[in-house]
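# Coordinate inspection notes
Each chain, letter by letter, is given below.
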Amino acid sequence: MKRIRSFASIAALTLFLLTLTSCGQSVFDVTENTGKLMVITAEKARKNDYFMVSSLEVDDGEQIAITSNLTKGVIRVEIIGVSAEQSVDTLPEIDDEATITFDASGTGATSGAGAGEYWMKATCLESATGSVRIEVTPIA
């Protein structure tokens, strides 16, 4: 009986420690990335975390729509146009002004940008949890 109680205590302590370590994990990444859709997922994302991914392809008659569904924090989404000469091996010039800059917080949306190819840069301005959806949609 004493042995079973000891084993149960060790198992409970192990489970508790695993729970504590998982609570501290931060996620800030793209969970879906096609030519027409990107989804940013944040779970306890830390301030100043950022990443850049390619590429959104916008055809004539389409636009980029950004929809925020964050329960906490702010994520800046920058849509940056890529020139026709841009290669896969080099990053686009990010010193130029972004075509769209959207500070996603809570629930909100914006849209814009004409035909072309775009990269997306996401920066966590405040610790964030939730998602941001960036998709190419027909112009209404």
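In this section: the side chain of E62. If you trace the backbone, E62 turns up in strand β4 (residues 62–82). For E62, a relative accessible area of 18% corresponds to the buried category. Only 2.7 Å separates the side chain of E62 from the side chain of K36, close enough to count as a polar contact. Engagement of the side chain of E62 in a polar contact is seen with the backbone nitrogen of D59, the distance being 2.8 Å.

Attention now moves to the nonpolar core. What tends to happen in soluble globular proteins is that the nonpolar side chains get buried as a cluster. In this structure, I40, I75, I79, M120 and I134 are the most contacted members of the largest nonpolar core, which totals 27 residues. If you list the elements that add at least two residues to this core, you get β1 (27–33), β2 (37–45), β3 (50–58), β4, β5 (100–104) and β7 (116–138). For this core, the element with the highest residue contribution is β7, accounting for 8 residues. If near-sequence neighbours (up to four positions away) are discounted, M120 is found in contact with V30, M38, I40, F51, M52, V53, V77, E78, I79 and I134.

So, how was this worked out
- Residues numbered from 1 in each chain as written.
- Predicted model: local features only at pLDDT ≥ 70, side-chain atom pairs only at ≥ 80, totals over all residues.
- Heavy atoms only, no water.
- Helix = DSSP H or I, 4+ residues; strand = E, 2+ residues; numbered from the N terminus.
- Buried < 20%, exposed > 50% of the residue type's maximum accessible area, 1.4 Å probe, protein only.
- Polar contact = N/O pair within 3.5 Å; in protein donor to acceptor, adjacent residues only side chain to side chain.
- Core = buried A, V, L, I, M, F, W, Y, C linked by side-chain atoms within 4.5 Å.
- Contact = heavy atoms within 4.5 Å.

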